[in-house]
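Next come the chains, spelled out residue by residue.
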Amino acid sequence: MMKLARAQRQDTLPLLRLYRLCANQPQSTWNEYYPSPVEVREDLDFGGLYVLRDAHRIVACASLILPEEGAETGDVFTPASKPCALARLGVLPDCQGRGYGKAMLCSMLHVARAQGYDAVRLLVGADNAPAIHLYEETMRSMIRDIVQQSCNLACWVRYHKYDLEESLEEMIDQQPHAAKYIIAMNILMDDAEGSESP
């Protein structure tokens, strides 16, 4: 059974071993100097280094870090008040292709959200095709889920607004966690209804 945990100081040597093994992979942009003990120490000090363990060893790791000073995060994603970056995601070579990279990525996105980050920049080498593929597929899946949830909510609002003739307040009372989306859908429906009038 896999377990995600914040890395500890005693994980330094196994992490460096994982980094070196990953650096030997053909698609890796890492080398014998990077990531180094300096990055491990900084990530540990910041509290952003996480590991995925099986019963015996660390099989994957990743770091949540603050975007570099002067990084153009506003050009990369929507303006965010508290962005972070996901860096140094690695999976032991003998564990690659088993879903650990995706599990680590998804876990780190949940950690980022739980820590109050409102945007995550994914850092990856331009030649690291497997990592880029993983990030693209994961983002496509997340976008599909968001679109599906939005469609479901739009249908729900339409049904409650027009078929049940409920007020905005009644709809929000039923789904307070979705209040801002219900308000937005209600406005869009009112605008659409108004534009159909002569």
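Residues numbered from 1 in each chain as written. Predicted model: local features only at pLDDT ≥ 70, side-chain atom pairs only at ≥ 80, totals over all residues. Heavy atoms only, no water.

Some remarks on the state of the cysteines
Link 1 in the chain: Following the criterion strictly, the structure yields zero disulfides and no others.
Link 2 in the chain: Among the cysteines around Cys 95, which has no disulfide bond, Cys 22 carries the closest sulfur, lying 9.8 Å off.
Link 3 in the chain: The closest cysteine sulfur to the non-disulfide-bonded Cys 151 is located on Cys 155, 6.7 Å from its own sulfur. (Disulfide = S-S within 2.5 Å.)

So, the nonpolar core
Link 1 in the chain: Ranked by internal contacts, the top residues of the largest apolar core, which has 36 residues, are Leu 15, Tyr 19, Leu 89 and Met 104.
Link 2 in the chain: Elements supplying a minimum of two residues to this core: helix 1 (12–23), helix 2 (37–46), strand 2 (49–53), strand 3 (58–65), strand 4 (83–91), helix 4 (100–114) and helix 5 (129–163).
Link 3 in the chain: Looking at this core, the element that brings in the most residues is helix 4, giving seven residues.
Link 4 in the chain: Among residues more than four places away in sequence, those in contact with Leu 89 are Trp 30, Cys 61, Ala 62, Gly 101, Met 104, Leu 105 and Tyr 135. (Core = buried A, V, L, I, M, F, W, Y, C linked by side-chain atoms within 4.5 Å. Buried < 20%, exposed > 50% of the residue type's maximum accessible area, 1.4 Å probe, protein only. Helix = DSSP H or I, 4+ residues; strand = E, 2+ residues; numbered from the N terminus. Contact = heavy atoms within 4.5 Å.)

Topic: unusual backbone geometry
Link 1 in the chain: The step from Tyr 34 to Pro 35 runs through a cis peptide bond, and the omega angle for that step is -10°.
Link 2 in the chain: Positive phi outside glycine occurs at Arg 88, with the angle close to 55°.
Link 3 in the chain: The residue Arg 88 is located in strand 4 in this model.
Link 4 in the chain: On the basis of relative accessible area, Arg 88 is assigned to the buried category, the value being 11%.
Link 5 in the chain: Here Glu 165, not a glycine, exhibits a phi torsion of approximately 55°, which is positive.
Link 6 in the chain: For Glu 165, the location among the structural elements is in the loop between helix 5 and helix 6 (168–174).
Link 7 in the chain: Glu 165 gets classed as exposed once you look at its relative accessible area, which sits at 66%.

Points about the pattern of salt bridges
Link 1 in the chain: In this structure the tally under the stated criterion is eight salt bridges.
Link 2 in the chain: For the salt bridge of Arg 158 with Asp 163, the shortest nitrogen-to-oxygen distance reads 3.5 Å.
Link 3 in the chain: By relative accessible area, which is 47% here, Asp 163 ends up partly exposed.
Link 4 in the chain: Put simply, Asp 54, Arg 57 and Asp 94 are held in one network by salt bridges that share partners. (Salt bridge = Lys/Arg side-chain N within 4 Å of Asp/Glu carboxyl O.)

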